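Single-letter residue listing:
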Amino acid sequence: MKKLCSLLLFLLLAVSMHAAEAAYYDNHILFSLEKEERPLSAEECTSLETPYPQLNAFISKYDVQRIEPWLPHAKPHEHDGDVYLNRIYRLVLRKDVPADPVRLTELEQTASVIRGAEREPVMRKYAVPDDPYLKNQWFLSKVQATEAWELWDLKAGGIPGDSTVVIAVVDDGVEYTHPDLWENIWINQDEIPAMYFDIADTDGDGYVSAREAVRFCGDEDAPDLRTVISASSPFVDNTDNDGDGYTDNLIGWDTNAEGSASDDDRNPMAFHNSHGTHVAGIAGAVTNNGTGVASVAYNISIMPVKATGDATSENIHTGYQGMHFAAQAGADIINCSWGGPGYSSYYQNQINSLYDQYGAILVAAAGNGDGDGGQEEYHYPSGYEHVVSVTAVGPSDNFSWASYGAPDPENHFYGVDLSAPGENIYSTYLTKTAPYASLRGTSMASPLVASCFGLLKAFYPDSSREWLIRRLLDNTDPIDDLNPDYAGKIGSGRVNILKALVSDRWPRLTYAAHEETIITGDADSILNPGETIRMMVELKNAPGWTKAGSVTGILRSEDPRILIPDSIAAWSNIFPDSSAQNGDNGFQVSFSDEMLLDDYSFTLELLSGETEEHPYHATLDFDISLYLDQQGFPFYAENEVEASPVFLDIEKDGKKDIIFGDKSGNLYVVNAEGNVREGFPVHLGSQIGGIAVADIDRDDIPEIAVTLFDKAIHVYDINGKHEWSRRVDGIF
């Protein structure tokens, strides 16, 4: 890989094309050996004496502080083409010696055995504190998790998810003792000493849960997972029982040795930060336990992987090493809520190797924009091939502040794959700070997608990784129309776990409209109290779902003043992306004459496919409005009405007409249907003060007398013809 100039050119282009500048460690260099060379031994790395004289001269010239394997647990068979992961090393220069292009080139040219050299990108967490009092999980219903859980028979004790499905949280550690997390923490079944396994597995299901592990190693009345990894634990035997290169990795791993207050790598506890704890709650908080929050995956296992030191830091120091551990340990989904704009071909090599040789789904946050708004940028690891990149949207599926980007493979960027809720996300937090909190970020959107993958894998346990990824990405809710400025750059849509689970089995019906026909009442087409209607309901089936056939609907109201003598209706077929009305006479609904002007709530319970394995059931809510108005009303005059109206049955038809005036001097006569009587309005030229009606000339036909602000009195007949007028000063 002697193409340093091309790589540097790409990096310069990436910086110039996008607002965020890639961040790299000032004094870190990653280099690799050719595949024919043996890996450096631990002694050679520690002593800085390698088998290569030219490399040793470089080490001496720049006072290299240390050389270490970039992936300490990489195995000999893990490679991407000719790049072998166990032959990639981190070289750390003195802090005052920068890893600039000159030194990169010099290192590459020191010996033919060196395949290539690159700067090491800095990876950062992506979360922004949000309003802490917004303690609701609006996002669960948004992605239809609550409906998805109904695929399991909850009433019969069914539990959504599967505890054997493992989501790794590679982050700054996880407070795995949190009361809303500990029962879902991963227990490495193969690391438990064989002599204790059957004893610890008290229910005999062949799986030792976190609760069983605590019961065996500690006190069930005061459960504390730290007892499982303590020095006195019977599970801690200082033996790599599963042969994965990690000794006693019973609940996770701490991949960062530098700056740690403890050398206990088997302890992935978070100490001064809550990012990983918040992420873990979104991915897999224990659900239906009467405590705290829920997670989409409901019942899965969380593998905590710590990738920072114990000191407070915004950087993820060993994220890729953590990712490597998680894959080797058998995680099904690996979440990375961190990243940066820096690209490394070695990082892509590692991801390719993990993808080819392990079965994990890699999910990563797309980045939080530039702080003032959305940002189009090349961002990693989310932008690498074989990584599901997740950006964030708000409650209305609005995109505004996160990172976005269309695929650009020629420049080593594979784009954003999908969107997920990322605002006001309420989840677990470090208990010494606050047990729960709301945060905003693609850091929150990413584990939500990881959790969806967890539930999807539990539902389709035998499906391939590629099928699961395609299934989730192909069954999102489209949001490009809501965000036209970002169309094609925020993925296939907003994640929808119910749609991913059963879009080919279920329809997705929503209320579209209803049509009322008054069958008892004044038949004026306006629904008043005391009237009865026949109602047709139009339902819509969303695009991408299956056809709804033989749908039955039951209409209900909790108001005792509303009677529904005909409460059942049917729809034959409602095809995807189309609407249909029920095919019978509709629902019959009667309203008491004691009811007032208001909107009254109804629920429509829908059933379809009752004979199938997973019948469709949904409940839709909509309102029906009652009016005190009659047809033709309210009537609007040309100007503000001030004078009090007068009522008179002018045409002797049993219906009273309304006589009134407005401030511009118009006199109106309006009948009971809201129609203006012929000959009116009459413009009087001054604001009307008062109106009276009387048979002034005693011909049995009433006249209309109007007083005006200009001191005049006018009299008109009922057809709007002027009869006479008089001014109060006596002048005609």
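Rules used throughout
Residues numbered from 1 in each chain as written. Predicted model: local features only at pLDDT ≥ 70, side-chain atom pairs only at ≥ 80, totals over all residues. Heavy atoms only, no water. Buried < 20%, exposed > 50% of the residue type's maximum accessible area, 1.4 Å probe, protein only. Helix = DSSP H or I, 4+ residues; strand = E, 2+ residues; numbered from the N terminus. Contact = heavy atoms within 4.5 Å. Core = buried A, V, L, I, M, F, W, Y, C linked by side-chain atoms within 4.5 Å. Pairing = 2+ DSSP bridges. Lys, Arg positive; Asp, Glu negative; His and termini not counted. Salt bridge = Lys/Arg side-chain N within 4 Å of Asp/Glu carboxyl O. Polar contact = N/O pair within 3.5 Å; in protein donor to acceptor, adjacent residues only side chain to side chain. Axes fitted to C-alpha atoms, helices over the stretch in contact; angles between N-to-C directions. pLDDT = per-residue confidence, 0-100.

Notes on helix α8 (residues 210–217)
For step 1, the next point in the chain: Buried within α8 we find Ala210, Glu212, Ala213, Val214 and Cys217.
For step 2, the next point in the chain: Packed against the buried residues of α8 are α7 (194–200) and α9 (226–229).

Considering the nonpolar core
For step 1, the next point in the chain: Of all hydrophobic cores here, the largest spans 123 residues; its most connected members are Leu472, Ile497, Leu501, Trp571, Phe591 and Phe602.
For step 2, the next point in the chain: Ranked by residues supplied to this core, first place goes to helix α13 (residues 442–459) with 11 residues.
For step 3, the next point in the chain: Core analysis: the next-biggest nonpolar cluster, separate from the first, contains 42 residues, Val83, Tyr246, Ile316 and Leu354 among them.

Here's the deal with the pairing of strand β1 (residues 24–33)
For step 1, the next point in the chain: Burial analysis of β1 places 9 of its 10 residues in the buried class, which makes it a mostly covered element.
For step 2, the next point in the chain: Note: β1 against strand β6 (residues 114–121), 6 bridges, orientation antiparallel. Bridge pairing in β6 links Ser32 to Gly116.
For step 3, the next point in the chain: Relative to strand β5 (residues 88–92), β1 runs antiparallel, the two sharing 5 bridges. Bridge pairing in β5 links Ile29 to Leu91.

Comments concerning the side chain of Asp717
For step 1, the next point in the chain: The topology assignment puts Asp717 in the loop between β36 (712–716) and β37 (722–727).
For step 2, the next point in the chain: The buried charged residue Asp717 lacks any salt bridge partner; its closest oppositely charged side chain belongs to Lys721, at an N-O distance of 5.7 Å.
For step 3, the next point in the chain: Polar side-chain contacts of Asp717 include one of 2.8 Å to the backbone nitrogen of Lys721.
For step 4, the next point in the chain: When sequence neighbours within four positions are dropped, the list of residues in contact with Asp717 reads Phe680, Ile704 and Glu723.

Observations concerning the environment of Leu71
For step 1, the next point in the chain: In this structure, Leu71 sits in the loop between β2 (66–69) and β3 (79–80).
For step 2, the next point in the chain: Note on Leu71: relative accessible area 3%, which makes it buried.
For step 3, the next point in the chain: With 253 residues separating them along the chain, Leu71 and His324 place their C-alpha atoms 7.4 Å apart.
For step 4, the next point in the chain: Not counting residues up to four positions away in its chain, the partners in contact with Leu71 are Leu85, Ile88, Tyr320, Gln321, His324 and Gln350.

Here's the deal with the sheet that holds β1
For step 1, the next point in the chain: If you walk across this open sheet you meet the 4 strands as β2-β5-β1-β6, and the pairing is antiparallel. Since the sheet does not close on itself, it has two edges, and those belong to β2 and β6, each with one partner. Along the sheet, successive strands turn relative to each other by an average axial angle of 30°, direction set aside.
For step 2, the next point in the chain: As paired strands, β2 and β5 are joined by 4 bridges and run antiparallel to one another.

Observations concerning the sheet that holds strand β32 (residues 666–670)
For step 1, the next point in the chain: Pairing is antiparallel across the open sheet formed by 4 strands, whose spatial order is β30-β31-β32-β33. Both outer strands of the open sheet, β30 (646–648) and β33 (682–683), are each paired with one neighbouring strand and no more.
For step 2, the next point in the chain: Of the pairings in the sheet, the one linking β30 to strand β31 (residues 657–661) comprises 3 bridges and is antiparallel in character. When the bridges of β31 are listed, Phe647 appears paired with Ile658.

Considerations on the confidence of the model for the protein
For step 1, the next point in the chain: Counting all residues, the mean pLDDT for the protein is 87, and 91% of those residues have values of 70 or more.
For step 2, the next point in the chain: Considering only residues more than four positions removed or in separate chains, one finds that residues 1–19, a stretch of pLDDT under 50, has 33 contacts.
For step 3, the next point in the chain: Counted against residues more than four places away or in other chains, residues 129–134, with its pLDDT under 50, gives 13 contacts.

Some words on unusual backbone geometry
For step 1, the next point in the chain: Residue Pro381 follows Tyr380 across a cis peptide bond; omega there is 10°.
For step 2, the next point in the chain: Along the chain, Pro381 falls in the loop between β15 (375–376) and β16 (388–393).
For step 3, the next point in the chain: If you check the backbone angles, Asn424 has positive phi at about 50° while not being a glycine.
For step 4, the next point in the chain: Among the secondary structure elements, Asn424 is positioned in the loop between β18 (418–421) and β19 (425–428).

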